[in-house]
Amino acid sequence: MKLYVGLDVGLEETSLCIVDSEGLTVREVKVSTEPEAIRFAVENYADRLDRVGVKASSLGIWLYRELQPAGLPIIVVEARHMRVSLSTMRNKTDRSDARGIAQMMRLGWYRAVHVKNIDMQKMRTLLTNRKLLKRKLIDLENHVRGALRAYGLLVGAVARGAYEARTAN
């Protein structure tokens, strides 16, 4: 009999629910949000697992990268689609969310997300951080320019390399 797993990932703990092909709950447990703890929680069922579902998030993608090479059939599911599906449930708890994710895996009611390789993710992180730092630099320059105006010092438009020299006087 095929089994389906739902993971509701939190910073400290992950709620895990395993359901069978008829929708009956086989196991519900809370484990620490560590790949090894999750692997240990499902190891007795590993040969019967059909799908393991996790919501698209930074922790979800990290768990995907750690659990997929270990042989777990893990799928990262689009977060908005999952939120809409889970919002129809009466009780909104981590436990019921994990149960809902497991049922979504069983019924095939999910949209899988493509997980980029680690090199692409690192490049995107670097570019995003660069963009943030650049924006903060411009914000600081504008703040200093505005603060100096209160003292009658008009900086005006300054080329990138000449800003420090222009404001130091």
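Conventions adopted
- Residues numbered from 1 in each chain as written.
- Predicted model: local features only at pLDDT ≥ 70, side-chain atom pairs only at ≥ 80, totals over all residues.
- Heavy atoms only, no water.
- Helix = DSSP H or I, 4+ residues; strand = E, 2+ residues; numbered from the N terminus.
- Rg over C-alpha atoms; globule rule 2.2 N^0.38 Å.
- Buried < 20%, exposed > 50% of the residue type's maximum accessible area, 1.4 Å probe, protein only.
- Contact = heavy atoms within 4.5 Å.
- Areas by Shrake-Rupley, 256 points an atom, 1.4 Å probe, with all protein chains shown as cover.
- Lys, Arg positive; Asp, Glu negative; His and termini not counted.
- Charge placed at Lys NZ, Arg CZ, Asp CG, Glu CD.
- Pairing = 2+ DSSP bridges.
- Axes fitted to C-alpha atoms, helices over the stretch in contact; angles between N-to-C directions.
- Polar contact = N/O pair within 3.5 Å; in protein donor to acceptor, adjacent residues only side chain to side chain.
- Arc of directions from axis to C-beta.
- 1 Å grid on protein atoms, 1.4 Å probe; cavity = no way out; pocket = protein on both sides within 12 Å on 5 of 7 lines; lining within 4 Å.
- Points joined across faces, edges and corners; volume = space filled by probe spheres on them.
- Nonpolar A, V, L, I, M, F, W, Y, C, P; charged D, E, K, R; others polar.

A. Main features of the overall build of the protein. Along its length, the protein carries 6 helices and 5 strands. Of the regular secondary structure in the protein, the N- to C-terminal order runs β-β-β-α-β-α-β-α-α-α-α. On C-alpha atoms alone, the protein measures out to a radius of gyration of 24 Å, which is more than a quarter above the 15 Å that the 2.2 N^0.38 rule sets for 169 residues. Expressed as lengths along the three principal axes of its C-alpha atoms, the size of the protein is roughly 80 × 35 × 25 Å. For the protein, with 169 residues in total, the buried portion stands at 30%. In the protein, of all internal contacts separated by at least 6 residues, the share reaching a separation of at least 24 is 50%. As displayed, the protein offers around 11,200 Å² of accessible surface, 53% of which is attributable to carbon and sulfur atoms. Taking the 28 positively charged and 19 negatively charged side chains of the protein as two groups, their mean positions are separated by 11 Å.

B. View of the pairing of strand E3 (residues 25–32). Sheet analysis places strand E2 (residues 13–20) next to E3, joined by 7 bridges and oriented antiparallel. If you follow isoleucine 18 over to E3, its bridge partner there is arginine 27. With antiparallel pairing between neighbouring strands as the criterion, E2 and E3 make up a hairpin whose turn holds 4 residues, including glycine 23 at a positive phi of roughly 90°.

C. Representation of the sheet that holds E3 within the structure. Reading across the sheet, the 5 strands line up as E3-E2-E1-E4-E5 and stay open at both edges, with mixed pairing between neighbours. Looking at the sheet topology across the chains shown, the edges are occupied by E3 and strand E5 (74–77). Here the average twist between neighbouring strands, direction ignored, is 20°. Two strands pair when backbone bridges link them, and strand E4 (residues 49–55) and E5 are joined in this way by 4 bridges, in the parallel orientation. From the neighbouring strand, valine 54 faces E5, where its bridge partner is valine 76. Helix H1 (residues 35–42) rests against strand E1 (3–9), E2, E3 and E4 of the sheet, and its axis sits at about 160° to E3.

D. Seen up close, the side chain of serine 96. Assignment of secondary structure puts serine 96 in helix H4 (residues 94–107). Separated by 3.0 Å, the side chain of serine 96 and the backbone nitrogen of threonine 93 make a polar contact.

E. H1, seen in detail. Every buried residue of H1 is accounted for by Pro35, Ile38, Ala41 and Val42. Projected down its long axis, H1 shows its buried positions confined to an angular sector of 125°, all on one face. Residues of H1 that are exposed and angled more than 90 degrees away from the buried face: Glu36 and Phe40. Contacts from the buried residues of H1 go to E1, E2, E3, E4 and helix H2 (58–67).

F. Spotlight on the layout of surface pockets. If you add up the space inside the largest pocket, you get close to 200 Å³. If you trace the largest pocket, you find it lined by Ile61, Arg65, Val113, His114, Val115, Lys116, Gln121, Arg124, Thr125 and Thr128. The element best represented in the lining of the largest pocket is helix H5 (residues 118–149), accounting for 4 residues. By residue class, the composition of the lining of the largest pocket is 3 nonpolar, 4 polar and 3 charged.

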